[in-house]
Amino acid sequence: MIQIYHNPRCGKSRNCLAFIEQSNQEFEIIPYLTETPSVDELKILLKQLNLEPLQLVRTKEKIWIENFKGKTLTDDQIIKAMAENPILIERPIVVKDGKAIIGRDPDLIASFLD
C-alpha cells in the first residue's frame, strides 16, 4: 500500500495527493504534523529515501533558522529536531514497496507509482 506523509496546507502536498488519488491505487494518508513520526520511524524513512538527515529538513522554516541554523549537529540531533518539530520535515513523502520519494515532481511521482 502507498503511504503519503501529507500536510493539507501545502500546495505541493495537495497536488501529490490528488495525483495518487487519480492513480486508483490503495493509499493511506499520514498527517505527519499531528501523527508525528518517531525518531526510529524517521530513520526508516531516511533509509527508504536514501537521504542524509539534513537533506530531509526544511532549512528555511523559522524554527530551523532560529534554533538550529549555523550549529554543528549530529545526524541524531537533526532527526530528533524533526521528531520534535515535524514542520521541519520536507513534504510530501510517498512510500511504496519499501522505497520512498519526496513527491514534489509529478513526473517523479508517476514513475514511482508505476
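So, how was this worked out
- Residues numbered from 1 in each chain as written.
- Predicted model: local features only at pLDDT ≥ 70, side-chain atom pairs only at ≥ 80, totals over all residues.
- Heavy atoms only, no water.
- Buried < 20%, exposed > 50% of the residue type's maximum accessible area, 1.4 Å probe, protein only.
- Helix = DSSP H or I, 4+ residues; strand = E, 2+ residues; numbered from the N terminus.
- Contact = heavy atoms within 4.5 Å.
- Domains from an automatic or database assignment.
- Buried area = accessible area lost by both parts, 1.4 Å probe.
- Salt bridge = Lys/Arg side-chain N within 4 Å of Asp/Glu carboxyl O.
- Polar contact = N/O pair within 3.5 Å; in protein donor to acceptor, adjacent residues only side chain to side chain.
- Nonpolar A, V, L, I, M, F, W, Y, C, P; charged D, E, K, R; others polar.

Could you clarify how one ought to interpret helix α4 (residues 75-84) in this entry?
Residue pairs three or four apart in sequence face the same way in an α-helix, which turns once every 3.6 residues. Among the residues of α4, Ile78, Ile79, Ala81, Met82 and Ala83 are the ones counted as buried. For α4, the secondary structure elements touched by its buried residues are α2 (39-49) and α3 (62-67).

I tried to follow unusual backbone geometry on my own but got confused; where do I start?
One can expect most non-glycine residues to show negative phi and most peptide bonds to be in trans. Geometrically, the link from arginine 91 to proline 92 is a cis peptide bond, its omega value of -15° lying close to zero. Note on placement: proline 92 falls in the loop between α4 and β3 (93-96). The backbone of asparagine 24 shows a phi angle near 60°, a positive value even though the residue is not glycine. As for its placement among the helices and strands, asparagine 24 is situated in the loop between α1 (11-22) and β2 (27-30).

Would you mind going over the domain arrangement of the protein with me for this structure?
Bring the parts together and some accessible area is lost; that lost area is often taken as the interface size. Structurally, the protein comprises domain 1 (1-29 + 92-113) and domain 2 (33-90). The partner domain 2 presents 11 residues to the 10 residues of domain 1 that form the contact. Carbon and sulfur atoms make up 68% of the surface buried where domain 1 meets domain 2, a total of about 860 Å² over both sides. Our count for the domain 1 to domain 2 interface comes out at one salt bridge. The interface formed by domain 1 and domain 2 contains two residue pairs in polar contact (both at pLDDT 80 or more). Within the residue set of the side of domain 1 that touches domain 2, elements represented by two or more residues are β3 and β4 (99-102). Here the side of domain 1 that touches domain 2 takes four residues from β4, the largest share from any one element. Residues that form the side of domain 1 that touches domain 2 fall into these classes: six nonpolar, two polar and two charged.

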